[in-house]
Amino acid sequence: ETKIKGKADPLLFHNIRDTFYHNYIPRTPIISIMTRTGILWSSISRDDVMLVEAGEDDGTGAVIDLAQKLVKKKPTPGWEFSNSRKSGLKGIKFHVYDIGGDEGLKGEPSKIIWKFACIYESSLEEIQAK
């Protein structure tokens, strides 16, 4: 350690730090590495209201396009699937019908449709996406 009048040399520290960052830290941002594999986007909706959404687009618009295509599909009990051959992405959506005991405005039992959706890389197995 180089000392100038009893203090550590700030220039020496600066050079060591810069050398470390330039030689050992990958130049590709960590976020872009994480978004290339696995689940890229997911959401939870109740009826037609999206309650929560997480993820981001890959920069080409493919994730957003497939997500919109998947969300627009008519709700049916069980699984819905969608894919994009162009981008290699897949989408899956699960519907749960919740029929309550409370009567709605028309005197019928209340019905809530829960939707769980995700867009994922084709390298991820379908069972993992589910």
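Quick caveat, the model's predicted, so the values are computed rather than measured. (Residues numbered from 1 in each chain as written. Predicted model: local features only at pLDDT ≥ 70, side-chain atom pairs only at ≥ 80, totals over all residues. Heavy atoms only, no water.)

### Focus: unusual backbone geometry
Among all residues save glycine, negative phi is the norm, and among peptide bonds the norm is trans. Short version of the rule: Numbering of helices and strands starts at the N terminus; helices are DSSP runs of H or I of at least 4 residues and strands are runs of E of at least 2.
In the Ramachandran plot, Asp47 falls in the positive-phi region, its phi being about 55° despite a non-glycine side chain. Structurally, the position occupied by Asp47 is in the loop between β3 (39–46) and β4 (49–55).

### What to know about the pairing of β4
Sheet faces and side chains relate simply in a regular strand, where the side chains alternate between the two faces. Convention followed: Here the rule is simple: two strands pair whenever DSSP picks up at least two bridges between them.
Where β3 and β4 come together, 6 bridges link them in antiparallel fashion. By the bridge assignment for β4, Ser43 is matched with Glu53. If you look at the hairpin formed by β3 and β4, you'll find 2 residues sitting between the two strands, and Asp47 has a positive phi there, around 55°.

### A short note on the packing of aromatic side chains
The following threshold applies: Pairs were defined over the aromatic rings of Phe, Tyr and Trp, the Trp ring being its six-membered one, requiring ring centres within 6.5 Å. Orientation was assigned from the angle between planes: stacked under 30 degrees, edge-to-face over 60, tilted for the rest. Here, a charge over a ring means that NZ of Lys or CZ of Arg falls within 6 Å of the ring centre while also lying within 35 degrees of the ring normal.
A complete count under the given rule lists 1 aromatic pair for this structure. Between Trp79 and Phe94, the ring centres sit 4.5 Å apart and the planes meet at 45°, which makes this aromatic pair tilted. With Trp79 in strand β5 (residues 78–84) and Phe94 in strand β6 (residues 89–103), the pair connects residues that are 15 residues apart, well separated along the chain. Over the aromatic face of Trp79 sits the side chain of Lys130, whose NZ or CZ is 4.9 Å from the ring centroid.

### Quick word on the nonpolar core
To be explicit about the condition: Throughout this description, the term nonpolar core refers to a set of buried Ala, Val, Leu, Ile, Met, Phe, Trp, Tyr and Cys residues connected via side-chain atoms within 4.5 Å. When accessible area is computed with a 1.4 Å probe and restricted to protein chains, residues below 20% of their type maximum are described as buried, those above 50% as exposed, and intermediate ones as partly exposed. Here, two residues are considered to be in contact whenever any of their heavy atoms come within 4.5 Å of each other.
Counting 10 residues, the largest nonpolar core is built from Leu40, Trp41, Ala62, Val63, Leu66, Ala67, Leu70, Leu89, Ala117 and Ile119. Of all the secondary-structure elements, those providing two or more residues to this core are β3, α3 (62–72) and β7 (109–121). It is α3 that contributes the most residues to this core, 5 residues altogether. Filtering out sequence-adjacent residues up to four positions away, Trp41 remains in contact with Met50, Glu53, Ala54, Gly55, Val63, Ala67, Val71, Ala117, Cys118 and Ile119.

### Some details on the confidence of the model for the protein chain
Low pLDDT marks regions whose predicted coordinates should not be analysed in detail. Here is the rule: Each residue carries a pLDDT value, the predictor's own confidence for that position, ranging from 0 to 100.
Looking at the protein chain, pLDDT values average 75 and 67% of them are 70 or higher. Segment residues 11–17 is flagged for pLDDT under 50; beyond a separation of four residues in sequence, or across chains, it makes 2 contacts in the model.

### What to know about the side chain of Lys115
Operational definition: A 3.5 Å cut-off defines polar contacts: any pair of N or O atoms within that distance qualifies, except that in protein one atom must be a possible hydrogen donor and the other a possible acceptor, and neighbouring residues in sequence count only when both atoms are side-chain atoms.
Here Lys115 shows up in strand β7. Of note is the side chain of Lys115, whose polar atom sits 3.5 Å from the side chain of Asp48. Discounting residues that sit within four places of it in the chain, Lys115 has contacts with Ser43, Ile44, Ser45, Asp47, Asp48, Pro75, Phe94 and His95.

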